[in-house]
Amino acid sequence: MRASLLLLLLATSATADTATVVNGHARPGYAAFDDAASRLADVESCDPERLRPAFQAAYDAWMGVEHLHLGPSEEEGRSLAVLFWPDPKGTGAKAQAALLKADPATLTIDGMAQQSVAARGLSGLERLLYPEKALPADPCPLIQITIDDLARQAEIMAAAWTSYGEILLSAGQTGNDRFLKPEEATQALFTQLATGLEFVADRRIGRPLGSFDKPRPDLAEGHASGRALANITLSLQALRDLAASLSPDSPKTLAAFDHAIDLAGALNDPNLDGITDPQGWLKLEILQQAVRSTRDTAIAEIGPALGVELGFNSQDGD
Amino acid sequence: MQRRTFLATLAASLAPRLTWADIGAPAFLAAGKRGEAFFLHGLSATGTSLFGIPLPGRGHAAAAHPRIAEAVAFARRPGTFALVIDCATGETRHRLTPPEGMQFNGHGAYSADGSLLMTSEVVAESSEGRIGLWDTARYARLTDWPSHGIGPHEVKRLADGRLAVANGGIRTDPVDRTKLNIPDMAPNLTLLAADGTLLDQVEFPDMRQNSIRHLALSGDAIAFAMQWEGDPSEPVPQLGLWTPGTAPTLCTPPEAEAFTLQGYAGSIAATPDRILITSPKGGAVMLFDSRGTHVATHHRPDLCGAATTGAGFTVTDGGGAIWSATDDALTPLAADQTQWDNHLVSLS
């Protein structure tokens, strides 16, 4: 009783926006990723054909929370260990090549945690399940340990959100050294919305978009596994959910999201390969502009509604 | 000069000057914003404001006279003025204006005896760096020296009087701060003799888009903090160490934390055995040992100002909080409504 009363007090002290994000967005999102990753780990096979559906489902689930760069995902480089992208120097492939040739007996789950984050996680698995050229050794042991490591990271994050969620929910209370005022938790979540949209526009869309003269669909996130457009769409949907959780009465922002999501759907180009055609390129650029405009709208509409701004120093730069 | 002005100037220069000790021995100076108003604050070691002096606009950094309770507040870049503030009375003693065609570039440093002030400046049209020299008796402009680079930012005086200059390498539009030369920028770290003679210089040809911007002294080494202007997906270090006469080293965090600072260090401070850099963009501080090995990372949004108190670190953030930083944790010292600006200046 006493514990539940305490929880009630904690829950009521946070602002409504924080509580909705923690309980309706972040915690369910990490739980869904944990479920999907453990289902992938349950597939008793090394056959890429059999693993791919569960791999795709786990990747889908990660797109639901990938934008949350705070708390458990930022500790010990976990978000990088789940998805290391972009990797312009090919760090992951190099580190993974060494692991492929390693004695399988040396591949342990604890050992994986010490390996390069670039070699692990979804991008590591993608190279093994959708290889562009023949792999130099039997990938089975590495596939299995990479999946187990991924599932473990997912489990750790889902579990850690129990306590990290309480830190957000108790923002401003005595003893909370992480968030000194309730609005600091709100601001931290609002920042995730803005930076998440920047990441979609600048990287997920920007890297394949390249320039009009030199489109690079091959640089798209998830290109090898055919997910380039899905990743853009899923992250926009996840960010829309974050926006609606933070501030449900945000008609302009939600309309801007819907417009961008519609544009993504209308691309009808699952792997963005159509951007080598000028028409296709322009359509993707229009989507990029729509995502940037969604960010500006969210900052203008949701920021004042919540009484928060993006960081005083982080936005300044010097 | 008008007779009356001359007499007033004379009177001002003869009035007794209070020292930092006379006004309560603040540990730090920091610029901040409260509501829509801007201030320069003197802070105690525990983060309590001892005084707050209104500023006409957003401040960037301050330089403190080594003895007298007097500070120069620099506007944000590109700055056409700096204010010499009497921290005992809050009055502006002097308004410094760089020569025609020049702009202040955010930082300055006093000589050990306080008789000279050195300011980082650029030629507005070209961003060519200069170090302005001022006689602090009346804050008269004496001369300027080449900084031997483009876009100098922080300048730091070494104990023996030599001057380290972080030439950030970025040419900016004189009006709107737009960066004009990112593809071929070339930062360097320059060491000048006390008379402005070029003594030594290092640069990083493989990492020219890493702008060297802020400095701290770590034993014999100059610790320098950098801001990456290249592909944000490339992991690059934000900290380097240079002991003049030897090769500089770059201090890379563990791979899992390669992007924690988002390529951006906002401030740097050093004790005898630790170096701390802040990243408001990454919402984190990183601590390294004096050889440049990563020791710890702590997260907190919008942290930027950093300074030392004795053997410890104090950092400030844009949310209004002031923290003590150790290897183990960030511990809140004070929290208020003032949003702390980029830099915290130690008076010790």
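Residues numbered from 1 in each chain as written. Chains lettered and ligands numbered in written order. Predicted model: local features only at pLDDT ≥ 70, side-chain atom pairs only at ≥ 80, totals over all residues.

## So, the overall build of chain A
Looking only at helices and strands, chain A features twelve helices and zero strands. The secondary structure elements of chain A, listed N-terminal to C-terminal, are α-α-α-α-α-α-α-α-α-α-α-α. Over its C-alpha atoms chain A spans a radius of gyration of 20 Å, differing by no more than 12% from the 20 Å that the globule rule assigns to 318 residues. With the C-alpha coordinates of chain A rotated into their principal frame, the extents come out at 55 × 55 × 40 Å. Counting the 318 residues in chain A, one finds 47% classified as buried. Relative to all contacts within chain A whose residues are 6 or more apart in sequence, the contacts with residues 24 or more apart total 76%. (Helix = DSSP H or I, 4+ residues; strand = E, 2+ residues; numbered from the N terminus. Rg over C-alpha atoms; globule rule 2.2 N^0.38 Å. Buried ≥ 20, exposed ≤ 12 C-beta atoms within 10 Å, placed from the backbone. Contact = placed C-beta atoms within 7 Å.)

## Topic: the overall build of chain B
Broken down by element type, chain B carries one helix and 28 strands. The globule rule puts the C-alpha radius of gyration for 348 residues at 20 Å, and the 19 Å found for chain B is close to it. If one aligns the C-alpha atoms of chain B with their principal axes, the spans along those axes are about 65 × 40 × 40 Å. With 348 residues in all, chain B has 52% of them scored as buried. Long-range pairs, those at least 24 residues apart, make up 45% of the contacts in chain B between residues at least 6 apart in sequence.

## With respect to the sheet that holds strand β15 (residues 198-202) of chain B
All names here are of chain B. Overall, antiparallel pairing links the four strands, which are arranged β12-β13-β14-β15 in an open sheet. Among the strands making up the open sheet, the edge pair consists of β12 (152-157) and β15. Ignoring strand direction, the axes of neighbouring strands in this sheet form an average angle of 20 degrees. As defined by bridge partners, β12 adjoins strand β13 (residues 163-167) across four bridges and the pair is classed as antiparallel. In the strand pairing of β13, R157 is matched with L163. (Pairing = 2+ DSSP bridges. Axes fitted to C-alpha atoms, helices over the stretch in contact; angles between N-to-C directions.)

## A few points about the domain arrangement of chain A
Put simply, an interface is often sized by how much accessible area is lost when its parts join up. Residues and elements named next belong to chain A. Taken domain by domain, chain A comprises domain 1 (13-168) and domain 2 (182-306). Here the C-alpha centre of domain 2 lies 22 Å away from the C-alpha centre of domain 1. In this complex, domain 1 contributes 25 residues to the contact, which on the side of domain 2 involves 27 residues. Looking at the side of domain 1 that touches domain 2, the element that brings in the most residues is helix α2 (residues 16-42), giving six residues. For the side of domain 1 that touches domain 2, the residue count by class is ten nonpolar, nine polar and six charged. (Domains from an automatic or database assignment. Nonpolar A, V, L, I, M, F, W, Y, C, P; charged D, E, K, R; others polar.)

## Regarding the confidence of the model for chain A
Residues with a pLDDT of 70 or more make up 96% of chain A, whose mean pLDDT is 93. In the predicted structure, residues 1-13 of chain A sits below a pLDDT of 50 and forms nine contacts with residues beyond four places in sequence or in another chain. (pLDDT = per-residue confidence, 0-100.)

## As for unusual backbone geometry
Residue A:P86 is bonded to the preceding A:W85 through a cis peptide linkage, with omega at -5 degrees. Assignment of secondary structure puts A:P86 in the loop between α4 (78-82) and α5 (91-100). Positive phi is not limited to glycine here, since A:E76 has a value of about 55 degrees. For A:E76, the position within the fold is in the loop between α3 (48-63) and α4. Positioned with a positive phi, B:S127 is a non-glycine residue whose angle comes to about 65 degrees. Tracing the backbone through its elements, the reader meets B:S127 in the loop between β9 (116-123) and β10 (128-135). C-beta crowding within 10 Å serves as the criterion here: with 26 such atoms nearby, B:S127 is assigned to the buried category.

## Digging into the interface of chain A and chain B
In this assembly, 20 residues from chain A lie in contact with 25 residues from chain B. For the side of chain A that touches chain B, the residue count by class is seven nonpolar, seven polar and six charged.

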